[in-house]
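The residues making up each chain are set out below.
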Amino acid sequence: MKKITLFLCLAVLFGCRKKTDDVYRALQNSSHYELKKITPSEIENKSNGGYTIEDVLGLIAEFGQTEPDYIPQWNNYFQDASCNTAQWTFLSAPADSVFWILNGDTVRNEISLWFQTPQGCGFYSPPCNGGHVCTVQVHIDGSIYERTATGYALVNNTNTPSCGIGPFEITSAVLFNQGEPIQFEPYEFLIQSRFNYDLDGNHTVNINDLFILLSL
């Protein structure tokens, strides 16, 4: 019985030591000096063994990256039936894709949402004139941001009823206008992170996340 117990203890110790060696080797093979400085004893002291080497390699792939605090902005006001002006256009920094969502439906996945005018131009035919609640969803490098705001669209089509939203002043308190000093909470519009190993939730994958991973 003592021999079996001793054998099991040695097997556990050997397994832990091999895992420590595998993690140390992965850190040494990385391109990050901060990871290369970590010693085998640090790994062993912080490790609870609830992670896999695949987890460590995944964290290394994300290490040193920071997710941007991105605010989707769009010019959400026009009062014209002209083919060239009846549009809302995305104004923020370039994104992989932009989706315009009205009444729960994605109506366009382009940089601009062109409204149908009496002249036959445009893409989106609004059910009413006036204020529309619109959600803009933005995809950037695997991260997804969303912002919902009220926009004003008047295409002057006499056959289109009023939305019943408004009239209201076009100010920063009601509508988002480019250049207005509107304050938002940090990362207020991030709904899905691209990171799998931002374990402390600070939108950066760093050494703290590695130590959290090892302690799992």
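Throughout this document, residue positions are counted from 1 along each chain, in the order its sequence is written. The predicted nature of this model means local features are confined to residues of pLDDT at least 70 and side-chain atom pairs, given and counted, to a pLDDT of 80 or more, with totals for whole chains, interfaces and linings taken over all residues. Calculation of side-chain values draws on the structure's entire complement of heavy atoms; hydrogens and water are dropped beforehand.

(A) Spotlight on the nonpolar core. Only buried Ala, Val, Leu, Ile, Met, Phe, Trp, Tyr and Cys residues count toward a nonpolar core, and they belong to the same one when joined by side-chain atoms within 4.5 Å. Note on exposure labels: buried denotes an accessible area under 20% of the residue type's maximum, exposed denotes more than 50%, and partly exposed covers the range between, all computed with a 1.4 Å probe on protein chains only. With 22 residues, the main nonpolar core has Trp 88, Trp 100, Leu 113, Phe 115 and Val 136 as its most contacted residues. Sorting the residues of this core by element identifies β3 (87–90), β4 (97–102), β7 (130–140) and β8 (143–154) as the ones contributing at least two each. The numbering of helices and of strands both runs from the N terminus, where a helix is a DSSP run of H or I of at least 4 residues and a strand a run of E of at least 2. If you tally residues by element for this core, the top one is β7, at four residues. In this structure, Ile 43, Val 56, Ile 60 and Ile 207 belong to the second largest nonpolar core, which totals 18 residues.

(B) Local environment of the confidence of the model for the chain. Known as pLDDT, the predictor's confidence for each residue is given on a scale from 0 to 100. Per-residue pLDDT for the chain averages 84, and the proportion of residues at 70 or more is 83%. Whether two residues touch is decided by their heavy atoms; if any such pair falls within 4.5 Å, the residues are in contact. Counting interchain partners and residues more than four positions distant, the pLDDT-below-50 stretch residues 2–15 has zero contacts.

(C) Structural view of the environment of Gly 64. Structurally, the position occupied by Gly 64 is in the loop between α4 (53–62) and β1 (74–75). As for Gly 64 and Asn 206, which are separated by 142 residues in sequence, their C-alpha atoms are 5.7 Å apart.

(D) Focus on the side chain of Gln 137. Along the chain, the position of Gln 137 falls in strand β7. Identification of polar contacts relies on pairs of N or O atoms within 3.5 Å, with a donor-acceptor requirement for protein atoms, meaning one able to donate a hydrogen and the other able to accept it, and with residues adjacent in sequence counted only if both atoms are side-chain atoms. A polar contact is formed between the side chain of Gln 137 and the side chain of Glu 146, at a distance of 2.5 Å. Setting aside residues no more than four positions away along its own chain, Gln 137 makes contact with Ser 97, Val 98, Phe 99, Ile 101, Ile 144, Tyr 145, Glu 146 and Ile 191.

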